[in-house]
Amino acid sequence: MTSPSSRSHSPPFAESANEHSLADLARKLRSLRDGDLAVVEAVAVGVRAIPTLREVLFEKDVAGVFEPRRRAVQALAALGAYDVLREFVASWRPTADPIRRMGDEAALSAAARALAGARDEQAFQVLFQAARRHPASGVIEALGEYRRIELIPILDAALGDDLLHAAAQDALRKLGRHAIPALVEIAAGSGRDRFSSEAFSEIRRRRSSLALLLELDAGADTWGKLNHLIDDPDDEVAILACRLGMTVADDAGKRACARRLVALLARAPWFFRAEIEDCLSANFTFASEAIEQALHALSKD
């Protein structure tokens, strides 16, 4: 028979065993060999694992390793511990060390993507503020899941960034036709000094917005603000504008686009030539005259 004194000592032993188990879980999460299995183990442990997962998520790695933190994010999301993910995203600040920052940003992106699964206003506001301070790609991707119009200024700025423009394009694509008015303004270069040099980030923004307008089937009412782009000094912008014009402009506008595409064909990079040729072929009724004139000029040479 167990004595009262022995029963009173059993909880500390059980607590010690639990602590050992959680310490072992933390070790596995940091392990190159056992890390992914530790995610499953953490979910099986349940809510008792959350403090350990939080510890792993918030730790800083001077070598920029982020895999243990990514695993912690996976387990926390599976356990529904969105409060921990909100805390991490809201408190994240960049470090000056470039190696550490790379790992930290990867952990931030992972946490942001997982936090989007909460689909609540608290998560949205945390992600929104994070995007205004340090818009990592995962933060932009996560915000895109909310499909909200107020994101457009953030997505607009991200279109010009080397690392963010793909995520921004995807987020704007998810907004669908609601994004068209803003995309028209971006593509048109509204507010831009036409006589000053243009940064490449601005050119990228305009290219990306025109590509999206082609995808989203912008209406004829947009062409009045965009028709000048067929003569843009950036050939890619001009090609995209002409392709758009061939779908939304009136007959005279389509013929003007065809003439410009034929002129661009001679100097376009090989990867654009197929697009130009396909566009001219699909709109041969409007392009035939420009093609015949170009062929006639070549025969004279």
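What you see as residue numbers is a count from 1 along each chain, following the sequence as written. Only residues with pLDDT of at least 70 get local features here, since the model is predicted, and only at 80 or more are side-chain atom pairs given and counted; chain-wide, interface and lining totals rely on the full set of residues. For side-chain calculations, the full set of non-hydrogen atoms in the structure is used, while hydrogens and water are omitted.

A. How the structure looks around the packing of aromatic side chains. Paired rings are identified among Phe, Tyr and Trp, the last through its six-membered ring, by centres lying within 6.5 Å, and are further divided according to the angle between planes into stacked (under 30 degrees), edge-to-face (over 60) and tilted (the rest). Scanning the entire structure with this criterion turns up 5 aromatic pairs. With centroids separated by 5.4 Å and ring planes inclined at 90 degrees, the aromatic side chains of Phe58 and Phe88 adopt a geometry described as edge-to-face. Taken together, the positions of Phe58 in helix α3 (residues 50-58) and Phe88 in helix α5 (residues 82-91) put the pair 30 residues apart, joining distant regions of the chain. Here's how the labels work: a residue is buried when its accessible area is under 20% of the maximum for its type, exposed when over 50%, partly exposed in between, all with a 1.4 Å probe on protein chains only. We classify Phe88 as buried; its relative accessible area is 4%. With a centroid separation of 5.8 Å and an interplanar angle of 25 degrees, the aromatic rings of Phe124 and Phe128 are classed as stacked. Taken together, the residues span about one helical turn, with Phe124 and Phe128 both in helix α7 (residues 121-133) at a distance of 4 residues. When its relative accessible area of 15% is taken as the criterion, Phe128 is described as buried. Here a set of aromatic residues connected by ring pairs shows up, and it is made of Phe124, Phe128 and Tyr146. Two conditions define a charge located above a ring, namely a distance within 6 Å from the ring centre to NZ of Lys or CZ of Arg, and an angle within 35 degrees of the ring normal. Across from the ring centre of Phe58, 4.3 Å away, lies the NZ or CZ of Arg54, which sits over that ring. Secondary structure elements are defined from DSSP: runs of H or I of at least 4 residues count as helices, runs of E of at least 2 residues count as strands, and each element is numbered from the N terminus.

B. The arrangement of unusual backbone geometry in detail. Not every positive phi belongs to a glycine, and Arg119 is a case in point at roughly 55 degrees. Note that Arg119 resides in the loop between α6 (98-115) and α7.

C. Molecular detail of the pattern of salt bridges. When a carboxyl oxygen of Asp or Glu lies within 4 Å of a side-chain nitrogen of Lys or Arg, that pair is called a salt bridge. Within this structure, the stated rule accounts for 30 salt bridges. Here Asp24 ties to Lys28 by a salt bridge, and the two come within 3.4 Å at their closest N and O atoms. Here Lys28 and Asp24 lie together in helix α1 (residues 4-29), a separation of 4 residues that amounts to about one turn. Overall, the relative accessible area of 25% leaves Asp24 in the partly exposed class. Residues Arg267 and Asp235 are paired through a salt bridge, measuring 2.9 Å at the closest nitrogen-oxygen approach. Taken as a pair, Arg267 in the loop between α15 (251-265) and α16 (270-282) and Asp235 in helix α14 (residues 235-248) lie far apart in primary sequence, 32 residues in all.

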